[in-house]
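Observations on the three-dimensional arrangement
Spelled out from the first residue to the last, the chains are:
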Amino acid sequence: KTADIISSGVAFGTIQVPSHGEPIIMMADRQTTGGYPRIASIVSYNLSYVAQLKPGDRIRFNEVKLDK
């Protein structure tokens, strides 16, 4: 079953989950818009690290708060 989500802009570092269930981190070669559920975003500080990961590498996430 697929979710009915309106297509919208996809930011560098967005994590989407397509219908197959495997999360995808959207990097420089991402599409400009998409309609898959978005579960998180990589903070800009860590994008260069994530860009060096290979398929199958493990990654762990921590919640961060935005300063106001």
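Above: the structure in question.
The sections below set out a description of the structure shown in this document. No experiment lies behind these values; they were computed from the predicted model shown.

Attention now goes to the environment of Ser-19. Mapped onto the fold, Ser-19 is located in the loop between β2 (14-16) and β3 (24-25). On the basis of relative accessibility, which here comes to 58%, the residue Ser-19 falls in the exposed class.

Another aspect to go through is the nonpolar core. Burial of nonpolar side chains together is a common tendency in soluble globular proteins. Residues Ile-15, Met-27, Ile-42, Leu-47 and Val-50 constitute the largest nonpolar core, which totals five residues. Those residues within four positions of Val-50 in sequence are excluded, and the remaining contacts are Ile-25, Met-27, Ile-42 and Ile-59.

Applying the stated criterion to the full structure yields two salt bridges. In this structure, Lys-54 and Asp-57 form a salt bridge, with 3.6 Å as the shortest nitrogen-oxygen distance. Residue classification places Lys-54 among the exposed residues on the basis of a relative accessible area of 56%. For Lys-65, the salt bridge is made with Glu-63, and the minimal N-O distance between the two is 3.0 Å. Of the two residues, Lys-65 and Glu-63, neither departs from the other in class, the shared state being exposed.

Thresholds applied
Residues numbered from 1 in each chain as written. Predicted model: local features only at pLDDT ≥ 70, side-chain atom pairs only at ≥ 80, totals over all residues. Heavy atoms only, no water. Helix = DSSP H or I, 4+ residues; strand = E, 2+ residues; numbered from the N terminus. Buried < 20%, exposed > 50% of the residue type's maximum accessible area, 1.4 Å probe, protein only. Core = buried A, V, L, I, M, F, W, Y, C linked by side-chain atoms within 4.5 Å. Contact = heavy atoms within 4.5 Å. Salt bridge = Lys/Arg side-chain N within 4 Å of Asp/Glu carboxyl O.

Functional significance is not addressed by these values, which are geometric in nature.
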